[in-house]
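Each chain is listed here by its residues.
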Amino acid sequence: MIPAPSGATRLHVIVGDPIAQVRSPAGVTAAFAARGHDGILVPVQVAPADLPDFLSVATRLKNLDGIVVTIPHKFACYQACASATERAHFLHTANLMRRRADRSWHGDMVDGLGFVGAARAKGIDPRGMRALLVGAGGAGSAIALALVEAGVTDLAIHDSATERRDALIGRLNGLGRKPVRVGTRDPAGFDFVANATPAGMKEGDPLPVDVARLAPTAYCGCVITQPEVSPFVAAARRVGCVTGTGTDMYEQHQGIMVDFLLGRDGEG
């Protein structure tokens, strides 16, 4: 049972725009209680234009210990961090922020760990696979790095924001591992297909890939949590693909998030 908050309860917030789709407030709050920590996670909806003002106020709140970041604020929140993990620095993005001793922010980016963890929980090991990633934003960048580190033999990235896509491809190729290249909406020939875009959150959104070209043997993962089964995942299931939802992804990285927010990850 989660104890009722009091004036001594430590506050964490999850910031995004939109925010109604997030699943983490209840799960993280319950995880805090399970670890004996008197803390809560609450959602706050902040427009991009208002984010600098929000961060200015958040930094001055004495009982606010951490921030979870969702779309579209992950790049901007990284810029607000005084320090960050190696992967956050590499990606220039953060989805977690916690207080340092001097009250400034330390950041991390764990979306990729959750996404690849969800695939592995379904019995899918990306090592040796050919992967197509749609979306080179905050979550997409983290998933791309995680796939490279997991040992995919080929990674193609598609994003209509070509400058952002090309910058990510350039950084990943600088690692000197398997080459990363420009992709398209055509998933033919790929073993692992990842949607890291919001496509499917709104009724009438186009599908991120041409599902008619999916192989039934391909794994299809999606970052969307609302609806729980996105149109892309539903279409992939009709083809016969093994799938992972945004909720599957969240369940895999909740423990990582809580470790970070409580300073139990050994970083920073």
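Residues numbered from 1 in each chain as written. Predicted model: local features only at pLDDT ≥ 70, side-chain atom pairs only at ≥ 80, totals over all residues. Heavy atoms only, no water.

J.: An account of the overall build of the protein chain is requested, with residue identities and associated values reported.
T.: On a plain count of helices and strands, the protein chain comes out with nine helices and 12 strands. For the protein chain, whose C-alpha radius of gyration is 18 Å, the value lies close to the compact-globule estimate of 18 Å for 268 residues. In the protein chain, which comprises 268 residues, the proportion classed as buried is 52%. Taking contacts inside the protein chain between residues at least 6 apart in sequence as the whole, the part at least 24 apart equals 69%. With an accessible surface of roughly 11,600 Å², the protein chain has 54% of that area assigned to carbon and sulfur atoms. (Helix = DSSP H or I, 4+ residues; strand = E, 2+ residues; numbered from the N terminus. Rg over C-alpha atoms; globule rule 2.2 N^0.38 Å. Buried < 20%, exposed > 50% of the residue type's maximum accessible area, 1.4 Å probe, protein only. Contact = heavy atoms within 4.5 Å. Areas by Shrake-Rupley, 256 points an atom, 1.4 Å probe, with all protein chains shown as cover.)

J.: Quick one: what's the story with unusual backbone geometry, residue by residue and with numbers?
T.: Following D17, the chain continues into P18 via a peptide bond in cis, with omega recorded as 10°. Note on placement: P18 falls in the loop between β1 (10–16) and α1 (24–34). The omega torsion of the bond from I71 to P72 falls at 0°, within 30 degrees of zero and hence cis. Mapped onto the fold, P72 is located in the loop between β3 (64–69) and α3 (74–79). Backbone geometry at H92 places phi at a positive 60°, although glycine is not the residue there. You can see H92 is positioned in the loop between α4 (86–91) and β5 (96–99). Since its relative accessible area comes to 37%, H92 is described here as partly exposed. Positive phi, normally seen in glycine, also occurs at R103, with a value near 80°.

J.: Can you tell me about the side chain of T70, naming the residues and giving the values?
T.: For T70, the position within the fold is in the loop between β3 and α3. Overall, the relative accessible area of 14% leaves T70 in the buried class. Apart from residues lying up to four places away in sequence, T70 is in contact with I14, V15, G16, P18, I19, Q21 and V22.

J.: Go over the pairing of β5, please, and point to the residues and values.
T.: Of the two faces of β5, the one lined by L96 and R98 and the one lined by M97 and R99 are each fully buried. For β3 and β5, the ladder comprises three bridges, and the chain directions are antiparallel. Counted as the bridge partner of V68 is L96 from β5. Taken together, the four bridges between β5 and strand β6 (residues 105–108) define a ladder with antiparallel strand orientation. Paired with R99 across the two strands is W105, which belongs to β6. Between β5 and β6, which pair antiparallel one after the other, the connecting turn spans five residues, and R103 there sits at a positive phi close to 80°. (Pairing = 2+ DSSP bridges.)

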